[in-house]
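Okay, here's what each chain looks like letter by letter:
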Amino acid sequence: MRSRIPISKLLIEARVHAFIVAKRPQWAGMKQVTLPTCSWCHRPILPDERAVSFPCPNCGKVTIWRCRVCRELARPYVCPSCGFEGP
Ligand SMILES: [Zn+2]
Ligand SMILES: [Zn+2]
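Residues numbered from 1 in each chain as written. Chains lettered and ligands numbered in written order. Predicted model: local features only at pLDDT ≥ 70, side-chain atom pairs only at ≥ 80, totals over all residues.

J.: What am I meant to see in the overall build of the protein here?
T.: Regarding its fold elements, the protein presents two helices and four strands. Tracing the protein from N to C terminus, the helices and strands come up as α-β-β-α-β-β. Within the protein, contacts between residues separated by at least 24 positions form 38% of all contacts whose residues are at least 6 apart in sequence. (Helix = DSSP H or I, 4+ residues; strand = E, 2+ residues; numbered from the N terminus. Contact = placed C-beta atoms within 7 Å.)

In structure tokens:
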């Protein structure tokens, strides 16, 4: 049985949740907090992270998020709506 991935994912989510509640106590009562995810690495973006968000420059329908790491490494993003790729 190889079930290591779901377990590690659970641990990460619990850690992220604890971090969020520490930063945003008004969210503590929420059962689920929806975080934006980075367009490139799909990591949840935390409230105080120096991430950037902008509407897709091609279609404008989707808000694209880039986490701090991907922004610093200048990784490309892909619009989930129209498939536009940009730096
Ligand atoms: Zn990222
Ligand atoms: Zn687009």
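Structure shown, so let's carry the discussion forward.
J.: So what exactly am I meant to see when it comes to the nonpolar core here?
T.: As a rule of thumb, nonpolar side chains are buried together in soluble globular proteins. In this structure, C38, C56, I64, W65, C67, Y77 and C79 together form the largest nonpolar core, which totals seven residues. Those residues in contact with Y77, other than ones at most four positions away along the chain, are S39, W40, I64, R66 and G86. (Core = buried A, V, L, I, M, F, W, Y, C linked by C-beta atoms within 7 Å. Buried ≥ 20, exposed ≤ 12 C-beta atoms within 10 Å, placed from the backbone.)

J.: Would you take a moment to explain unusual backbone geometry for this structure?
T.: Leave glycine aside and you will find that most residues have negative phi; peptide bonds, for their part, are mostly trans. A positive phi angle, close to 60 degrees, is found at H42, a residue other than glycine. As for its position among the elements, H42 is in the loop between α1 (4-23) and β1 (52-55). For A74, which is not glycine, the phi dihedral falls at a positive 55 degrees.

J.: Looking at this structure, how should I read the environment of P55?
T.: Structurally, the position occupied by P55 is in strand β1. Of the residues examined, P55 has 12 C-beta atoms within 10 Å and is grouped as exposed. As for P55 and C79, which are separated by 24 residues in sequence, their C-alpha atoms are 9.3 Å apart. Not counting the four nearest positions on each side in its chain, P55 is found in contact with G60 and T63.

J.: I would appreciate a short explanation of the environment of C70 in the present structure.
T.: Of note, C70 is situated in helix α2 (residues 68-72). Beyond its immediate sequence surroundings of up to four residues, C70 is in contact with C38, W40, C41 and R75.

J.: Please clarify how the environment of V52 should be interpreted in this entry.
T.: Note that V52 resides in strand β1. Expressed as a C-alpha distance, the spacing of V52 and R71, which sit 19 residues apart in the sequence, is 7.8 Å. Those residues in contact with V52 that lie beyond four places of it in its chain are R66 and R71.

Bear in mind that shape data such as this cannot, by itself, settle questions of function.
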